[in-house]
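Topology and contacts: notes
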Amino acid sequence: MRLLPSAWCRRWLAPWLLVPWLVGAASAQLAPPTAPLSLASDPAVLARTALGAERGTLVVGVLRGDKAAYGIAHNPEPLVARAIAPASAEQPMFEIGSVTKVFTGLLLAQAVERGDVALDDSVGKLLAGHAEGVPPAVASITLRQLVTHTGCLPVMADGVTGGAALAEQFRSFDLPMFWAALARIHLTAAAPPCEARYSNFGMALLGQLLALRYGTSWGELVRARITEPLGMNDTVIPLGDKASRMAPPFAGDQRQRRFDMHAYAPASALRSTAADMLAFSRAILAGAHGPLGPAAARLLTPLARYEGAEIGYAVMVRGPETGRRTYYHAGVTEGYRTLWLLAPDTGEALIVLASNQRAPLQPVMLAIGKSRYPVPTTEVPIDPKRLADYAGDFRVGKAQVLGFTVRDGRLLARESGKGYNLLTPTGPDRFAVTAIGAQFVFRRGDGGEVIGVTLTQGGSRLEGRRVGVAVPQD
């Protein structure tokens, strides 16, 4: 979930969710581990890297085939590995934040498989007889658009985008308040569909519509259809007697309170353990013949474009359609941070659970992206006079522009308003940010002039077209 001010969240989510090379460059300045990280790394090493110098507890669970392995790091205690038994009551619990959205996506996949709803069913259809005053454009939003963030819905209701107001809305909105907000919601465009734009409100709406369809609560649906069948006894909303097992939450050095919510539960309410999240991962990797049946395969089916890649049933999809694919979601609350990832081609899964919202998960995310989607990094000499061909601005989205300039015989790149990153030439019209596995490939028109650029990293791909004159050299 995007709990803090949007700019801060961009800094954390960027490595795979937005324009990865920009934030990734800053992350790469952190002290690297002695060996490249990947899904094959020792979970204890991954845990120490992902916690860094921040306070709190961090648990990494890795599934390889049918074998689970765990690593844990603590601070201020010495950053040493501690073995965790998968079924041990000592496994700490964490808020998983927006990884909760994957559970909501799975509930939709199950409902579609049952024939109870269809992806093109609208909000208006499912609310018929239950709510009044919903604007026609909002009523036209489909379940497909809700689960892919393409329904033109804002991040939150009532113009809230971040900070204390966002946290307060998460905590305070009950169902009557939520349905009342739906009637006054302002879409980001005249009518759906829209270019994908992350929406906590949209995912909460999806979950509440499913609960309404079945005459129960969203939490009860999760228990009855996912956690209980899979034996995920530590994946809950109310903690009850499990409260003492929650890893104490931090934001930097500051203690935080736990994050309870009501109507927004389908977006971010779940708490879980590494063992439970690997049980969840194992069931999805088992596909249509596993305990979740065909809904497991449906969950991972791409439904829409999403920021340089694709999105399935609330699951981010990276990698080419005919090649190796990676599925993931990340989460952050006031005191926790989470990364969940599947690699079906190798039968691997990863869960990272941190009790500090500032835990530096970026190096782990970037390293896995580099290992699964390597790009050429060997420097190939280039005539410095040719670098002027690439100087200029290239639009890669409605609000994203890449700028290239030449300094001291080297090409540099940046996003508008951000700092420059040095590029390494790796071939004709090709450059890389080698530390983070990002590659730029420039395209030329019939006359030989540079007209576009393609940015690839970690299985994502952004296309940019030239929109401005050359950036002045500094």
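Residues numbered from 1 in each chain as written. Predicted model: local features only at pLDDT ≥ 70, side-chain atom pairs only at ≥ 80, totals over all residues. Heavy atoms only, no water.

Two elements, strand β13 (residues 392-397) and strand β21 (residues 460-466), share two bridges in a ladder whose sense is antiparallel. Looking at the pairing, Arg-395 lines up with Arg-465 of β21. Inspection of the sheet shows strand β20 (residues 450-457) paired to β21 by six bridges, in the antiparallel sense. Opposite Thr-454, over in β21, you have Glu-463 as the bridge partner. (Pairing = 2+ DSSP bridges. Helix = DSSP H or I, 4+ residues; strand = E, 2+ residues; numbered from the N terminus.)

On to the sheet that holds strand β14 (residues 400-407). Strand order across the open sheet formed by nine strands is β16-β15-β14-β13-β21-β20-β19-β18-β17, with antiparallel pairing between neighbours. With one partner strand each, in any of the chains shown, β16 (421-422) and β17 (424-427) form the two edges of the open sheet. Direction of pairing for strand β18 (residues 430-433) relative to strand β19 (residues 438-444): antiparallel, over a ladder of four bridges. When the sheet's bridge partners are listed, Arg-430 is paired in β19 with Val-441.

Bringing the packing of helix α10 (residues 200-214) against helix α11 (residues 218-227) into the picture now. Two elements in contact, α10 and α11, have axes whose closest approach is 8 Å; the angle formed by their N-to-C orientations is 75°. Comparing the axis directions of α10 and α11 gives the class roughly perpendicular. Taken together, the residues of α11 that come into contact with α10 (itself represented by Gly-207, Leu-210, Ala-211 and Tyr-214) are Trp-218, Leu-221 and Arg-225. Along the lines of polarity and charge, the residues of the contact of α10 with α11 split into five nonpolar, one polar and one charged. (Axes fitted to C-alpha atoms, helices over the stretch in contact; angles between N-to-C directions. Parallel < 35°, antiparallel > 145°, perpendicular 65-115°, else oblique. Contact = heavy atoms within 4.5 Å. Nonpolar A, V, L, I, M, F, W, Y, C, P; charged D, E, K, R; others polar.)

Quick look at unusual backbone geometry now. Omega for the bond connecting Pro-192 with Pro-193 falls within 30 degrees of zero, at 5°, which places this linkage in the cis form. With respect to the helices and strands, Pro-193 occurs in the loop between α9 (175-183) and α10. For Ala-314, which is not glycine, the phi torsion reads 70° and is therefore positive. Tracing the sequence through the fold places Ala-314 in the loop between β8 (309-311) and β9 (316-318). According to the relative accessible area criterion, Ala-314 is buried, its value standing at 1%. With phi around 50°, Asp-408 is a residue other than glycine that occupies positive phi space. Note that Asp-408 resides in the loop between β14 and β15 (410-415). Residue Asp-408 is classed as exposed on the basis of its relative accessible area of 81%. (Buried < 20%, exposed > 50% of the residue type's maximum accessible area, 1.4 Å probe, protein only.)

This part is about the sheet that holds β9. The antiparallel open sheet is built from eight strands, whose spatial order is β2-β1-β12-β11-β10-β9-β8-β7. Of all strands in the sheet, those with a lone pairing partner are β2 (67-75) and β7 (304-306), marking the two edges. Going across the sheet, the axis of each strand differs from the next one's by a mean of 25°, ignoring polarity. Note: β9 against strand β10 (residues 326-332), three bridges, orientation antiparallel.

Right, let's get into the state of the cysteines. For the structure on display, the rule yields one disulfide. Linked covalently through their sulfurs, Cys-152 and Cys-194 form a disulfide whose S-S length is 1.9 Å. Residues Cys-152 and Cys-194 are joined through a disulfide that is right-handed, its torsion about the S-S bond being 100°. Within this pair, whereas Cys-152 is found in the loop between α7 (143-147) and α8 (163-172), its partner Cys-194 is found in the loop between α9 and α10, the two being separated by 42 residues in sequence. Note on Cys-152: relative accessible area 3%, which makes it buried. Its relative accessible area of 18% is what places Cys-194 among the buried residues. (Disulfide = S-S within 2.5 Å.)

In this section: the confidence of the model for the protein. Model confidence for the protein is summarised by a mean pLDDT of 89, while 89% of its residues fall at 70 or above. In this model residues 1-33 is a low-confidence stretch, pLDDT under 50, and it forms 104 contacts with partners more than four residues away in sequence or in other chains. Every residue in residues 470-474 scores below 50 in pLDDT, and together they form 14 contacts with partners more than four places removed in sequence or on other chains. (pLDDT = per-residue confidence, 0-100.)

A complete count under the given rule lists 17 aromatic pairs for this structure. Pairing Phe-404 with Phe-442 gives two aromatic rings, centres 5.0 Å apart and planes at 70°, and the pair type is edge-to-face. With Phe-404 in strand β14 and Phe-442 in strand β19, this pair connects stretches of sequence that are 38 residues apart. The same class applies to Phe-404 and to Phe-442, which are both buried. Between Phe-431 and Phe-442, the aromatic rings sit 5.9 Å apart at their centres with planes inclined by 85°, giving edge-to-face as the arrangement. Highlighted residues: Phe-431 in strand β18 and Phe-442 in strand β19, separated in sequence by eleven residues. Site record: aromatic cluster; members linked through ring pairs are Phe-170, Phe-173, Phe-178, Trp-179, Phe-201, Phe-259 and Tyr-264. In this structure, Arg-213 packs its charged tip against the face of Tyr-214, placed 5.5 Å from the ring centre. The ring of Tyr-214 carries Arg-225 above its face, with NZ or CZ at 3.9 Å from the centroid. (Phe/Tyr/Trp six-rings, centres within 6.5 Å; stacked < 30°, edge-to-face > 60°. Lys NZ or Arg CZ within 6 Å of the ring centre and 35° of its normal.)

Moving on, we come to the pairing of β18. Judged from the three bridges that link them, β17 and β18 form a sheet pairing that is antiparallel. From the neighbouring strand, Gly-427 faces β18, where its bridge partner is Arg-430. Hairpin connection between β17 and β18: a loop of two residues separates the two successive antiparallel strands, and Asp-429 in this loop has a positive phi of roughly 60°.

When the terminal C-alpha atoms of α10 are compared, their 22 Å separation across 15 residues agrees well with the 21 Å that a helix rising 1.5 Å per residue should span. With twelve of 15 residues buried, α10 lies mostly within the body of the structure. Looking at α10, one finds that the buried residues are Asn-200, Phe-201, Gly-202, Met-203, Ala-204, Leu-205, Leu-206, Gly-207, Gln-208, Leu-209, Leu-210 and Ala-211. Of the residues that open α10, the one with a side-chain oxygen 3.5 Å from the backbone nitrogen of Phe-201 is Ser-199. Downstream of α10 by one or two residues, Gly-215 has phi in the positive range, about 65°. (Expected span 1.5 Å × (residues − 1). Polar contact = N/O pair within 3.5 Å; in protein donor to acceptor, adjacent residues only side chain to side chain.)

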